[in-house]
Number of protein chains: 2
Amino acid sequence: MAAALEEARKGYQAGGIPIGSVLVYQGKVIGRGHNKRVQQGSAILHGEMDALENAGRQPAAVYKDCTIYTTLSPCPMCSGTILLYGIPRVVVGENRTFMGEEELLKARGVTITVVNDEACYNLMQQFIKEKPALWNEDIGV
Amino acid sequence: MAAALEEARKGYQAGGIPIGSVLVYQGKVIGRGHNKRVQQGSAILHGEMDALENAGRQPAAVYKDCTIYTTLSPCPMCSGTILLYGIPRVVVGENRTFMGEEELLKARGVTITVVNDEACYNLMQQFIKEKPALWNEDIGV
């Protein structure tokens, strides 16, 4: 989670939406990323998507033994991607700011661990206070 | 659907996975794309994702009045993205090759129209016969 939060802070420092993610395979980070809506004008590069993209094309067997860490509860897009690749474990920094598709993931057999990290929460709260319109755009509101 | 199929054929000609998509807002195509797994080494650029990315950052009000056309039934990732942005209508070329998350989309109020287009189906069948491993990789198998 420390690495995901580091990614989120990188995003914040670049004027972006501070959500970060890392993909871990057998104890090693194979992909890391953060939301690039602002930085790349992207509609699809949420933190988790950027981490998965940066991990490159992986065989199914790799995804099925991965854990994805994300500073914020995964939205429908990121949750769908987790389901597509059969990633079995998701560790969520916090879900007070935004509750993603945790119930859908659980219903499909994904293990969700929410760590309630104060630093993840505070970073998002600070960002939303500063740029509420950007946050709404990112979650399709 | 003709424009989505044209995108799929572009992908096929480039050695890629032949799935195409267009995003239509008030009768005008605002984004078009095709699967770029091979061409860009991408794990996330399915046809629908590429079309949405190429449409750029749009306000929520635009997505909520869009129809997305895709030559193949949308996988969990693309379906999740449709839900994230609240795209209300999906037109599917075919779902015989692959049945995506149509039931989930319908349960969330999305209108799905399957046109059973033979050209979409034949293109995918030809591709899967030629490159089965690539197809499996794309759907996380």
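Only a predicted model underlies this, so the values are computations on that prediction, with no experimental measurement involved. (Residues numbered from 1 in each chain as written. Chains lettered and ligands numbered in written order. Predicted model: local features only at pLDDT ≥ 70, side-chain atom pairs only at ≥ 80, totals over all residues. Heavy atoms only, no water.)

Quick question: what am I supposed to make of the relation of the copies chain A and chain B here?
Copies of the same chain, two in number, are related to each other by a rotation about an axis and a translation along it. Superposing chain A onto chain B takes a rotation of 180° plus a shift of 0.0 Å along the axis, which leaves an RMSD of 0.0 Å. The two molecules are tied by a two-fold rotation axis, judged by turn and shift. Minimal C-alpha distance to the rotation axis in chain A is attained by Gly80 of chain A, lying at 2.4 Å. By residue overlap, the copies meet face to face through one surface: 100% of the interface positions of chain A are interface positions in chain B. (Least-squares fit on C-alpha atoms with pLDDT ≥ 70 in both. Contact = heavy atoms within 4.5 Å.)

How do you make sense of the UniProt feature "domain: CMP/dCMP-type deaminase" (unreviewed entry) in chain A when you look at a structure like this?
As recorded in UniProt, the sites labelled "domain: CMP/dCMP-type deaminase" (unreviewed entry) are residues 1-112 of chain A. Taken end to end, residues 1-112 of chain A is 40% helix and 25% strand, and its two terminal C-alpha atoms sit 14 Å from one another. (UniProt positions renumbered as here; feature names shortened; annotations may be inferred. Helix = DSSP H or I, 4+ residues; strand = E, 2+ residues; numbered from the N terminus.)

Would you take a moment to explain the interface of chain A and chain B for this structure?
By a widespread convention, an interface's size corresponds to the accessible area lost as its parts come together. At the junction of the two partners, chain A supplies 34 residues and chain B supplies 34 residues. Between chain A and chain B, roughly 2,700 Å² of surface is buried when both sides are summed, and carbon and sulfur atoms account for 58% of that area. Contact with chain B buries surface across chain A, with Ile44, Arg57 and Leu84 of chain A losing the most and accounting together for 26% of the total. Inspection of the chain A/chain B interface yields four salt bridges. On the surface where chain A and chain B come into contact, there are 18 residue pairs in polar contact (both at pLDDT 80 or more). (Buried area = accessible area lost by both parts, 1.4 Å probe. Salt bridge = Lys/Arg side-chain N within 4 Å of Asp/Glu carboxyl O. Polar contact = N/O pair within 3.5 Å; in protein donor to acceptor, adjacent residues only side chain to side chain.)

What exactly am I supposed to notice about the nonpolar core here?
When a protein is soluble and globular, its nonpolar side chains tend to lie buried together. With 69 residues, the main nonpolar core has Ile87 and Trp135 of chain A together with Ile87 and Trp135 of chain B as its most contacted residues. In this structure, Trp135 of chain A is in contact with Ile17, Ile19, Leu72, Thr97, Phe98, Met124, Phe127 and Ile128 of chain A, ignoring residues within four places of it in sequence. Formed by nine residues, the second largest nonpolar core is a distinct cluster that contains Met1, Val24, Val91 and Cys120 of chain A. (Core = buried A, V, L, I, M, F, W, Y, C linked by side-chain atoms within 4.5 Å. Buried < 20%, exposed > 50% of the residue type's maximum accessible area, 1.4 Å probe, protein only.)

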